[in-house]
Amino acid sequence: MSKIGITGATGQLGRKVVASLRQRCAPEDLVAIVRDPAKAASLGIGVRQGNYGDRATLETAFTGLDTLLLISSSSIGTRQAEHDHVIRAAQRAGVRRIVYTSLLHAERWGIPFAEDHLATERWIRACGLAFTILRNGWYWENHTAGLPLALSHGGMVGSAGDAGISWASRQDYADAAAAVLTQTGHDGLTHELAGDSAHTLAELAAETARQSGVAFAYRDLPEAAYAEFLASVGLPPPVADMLAQIDARGVAKGVLRRDHSVLSGLIGRPTTTLATAVADALGR
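Along each chain, the written sequence defines residue order, and numbers are assigned to residues from 1. This being a predicted model, a pLDDT of at least 70 is required before a residue's local features are given, and a value of 80 or more before pairs of side-chain atoms are given or counted; all residues contribute to the totals for chains, interfaces and linings. Only hydrogens and water are set aside; all other atoms, that is, all heavy atoms of the structure, feed into the side-chain values.

**Observations regarding the overall build of the protein chain**
If you tally the helices and strands in the protein chain, you get twelve helices and nine strands. Only C-alpha atoms enter the radius of gyration, while the globule expectation follows 2.2 Å times N to the 0.38, with N the number of residues. Taken over C-alpha atoms, the radius of gyration comes to 19 Å for the protein chain, in line with the 19 Å a tight globule of 284 residues would show. Seen through its principal axes, the protein chain has C-alpha atoms that stretch 55 × 35 × 35 Å. Three labels apply to residues, based on accessible area from a 1.4 Å probe with only protein chains included: buried if under 20% of the type maximum, exposed if over 50%, partly exposed otherwise in between. Evaluated residue by residue, the protein chain yields a buried proportion of 51% over its 284 residues. Here a residue-residue contact requires only that any non-hydrogen atoms of the pair lie within 4.5 Å. When contacts within the protein chain are restricted to residue pairs at least 6 apart in sequence, those whose partners lie at least 24 apart make up 77%. Working definition of accessibility: Shrake-Rupley area with a 1.4 Å probe, residue cover restricted to the visible protein chains. Here the protein chain displays about 12,100 Å² of accessible surface, and carbon together with sulfur accounts for 51% of that area. A distance of 4 Å separates the average location of the 27 positive side-chain charges in the protein chain from that of its 28 negative side-chain charges. Helix and strand definitions follow DSSP, with helices as H or I runs of at least four residues and strands as E runs of at least two, each counted in order from the N terminus. Residues counted as positive are Lys and Arg, residues counted as negative are Asp and Glu, and His and the chain ends are not counted. Every charge is mapped onto a representative atom, which is NZ of Lys, CZ of Arg, CG of Asp or CD of Glu.

Have a look at this one:
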């Protein structure tokens, strides 16, 4: 087995990828690339310090790796620069292959949030290394993590209208990444990954009401009103504006719906259902 490096390995997705890889690989064949090595002690694999913003640390961290999973940065405003650092460092360190977690239907969004991913995809395709692009759709957890708190307020809000969203769990996407990292036949491919079924936010709210026995509904807001709401609950205004734009100008257009799921094929099982996602969030 060649050596696989995982950036962002202590993040919510990264930890699940590492756990899935450990079922397929020997621990000595895996390397966590993290900003703070102390936070990676529980992963049970090798750990190297590497910061997306510091190309020199990345070059050192990537030395000896054959395959690199680039989990996209969550930074606002600096993500493209950080991804550029990772790609250039991988080239200089002699990495053979990059696998990147991008965005479902990235070219259809038409907003800056998606352009970061499109730019990264272009650089990866041009860098001369073998590559696979994993265009991940929405995680269930993007919406279900807040359900217990939302229940106390009787509902959830957004700006996605009645658009269908093909949600899947972080575990589903992590298992797909682990499969691609350890299999052959994926070089040069872009996988559009999404759940097996699409649902609306209203349907998510209805399932939450059914399982909890509490009146619960989805309320759709105009973009500006949703941004104002997000700022009122403590999000910094730039983040609130970005999230509202993602909903109103992206999700509402149906860009997160995909009716032909590649994801379940990669993981060898159906993706996480609406009922299961809600039950997990409510601790049932």
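After presenting the structure, the write-up continues.
**Brief notes about the environment of Glu115**
Mapped onto the fold, Glu115 is located in helix H4 (residues 112–126). For the pair Glu115 and Arg88, spaced 27 residues apart in sequence, the C-alpha separation works out to 19 Å. Setting aside anything within four residues of it in sequence, one finds Glu115 in contact with Gln80 and Arg122.

**Notes on the packing of aromatic side chains**
Aromatic rings from Phe, Tyr and Trp, taking only the six-membered ring of Trp, are treated as a pair when their centres fall within 6.5 Å; an angle between ring planes under 30 degrees marks them as stacked, one over 60 as edge-to-face, and anything in between as tilted. Here the structure, examined in full by the defined rule, presents five aromatic pairs. A ring pair is formed by Phe113 and Trp138, whose centres lie 6.3 Å apart and whose planes are at 85°; its orientation type is edge-to-face. Of this pair, Phe113 sits in helix H4 while Trp138 sits in the loop between strand E6 (130–136) and helix H5 (141–144), and the two are 25 residues apart along the sequence. Between Trp140 and Trp167 the ring centres are 4.6 Å apart and the planes differ by 20°, which places this aromatic pair in the stacked class. Of this pair, Trp140 sits in the loop between E6 and H5 while Trp167 sits in the loop between strand E7 (155–158) and helix H7 (170–182); the two residues are 27 residues apart in sequence, bridging distant segments of the chain. With respect to burial, Trp140 and Trp167 carry one shared label: buried. Within the aromatic cluster, the residues linked to one another by ring pairs are Trp109, Phe113 and Trp138.

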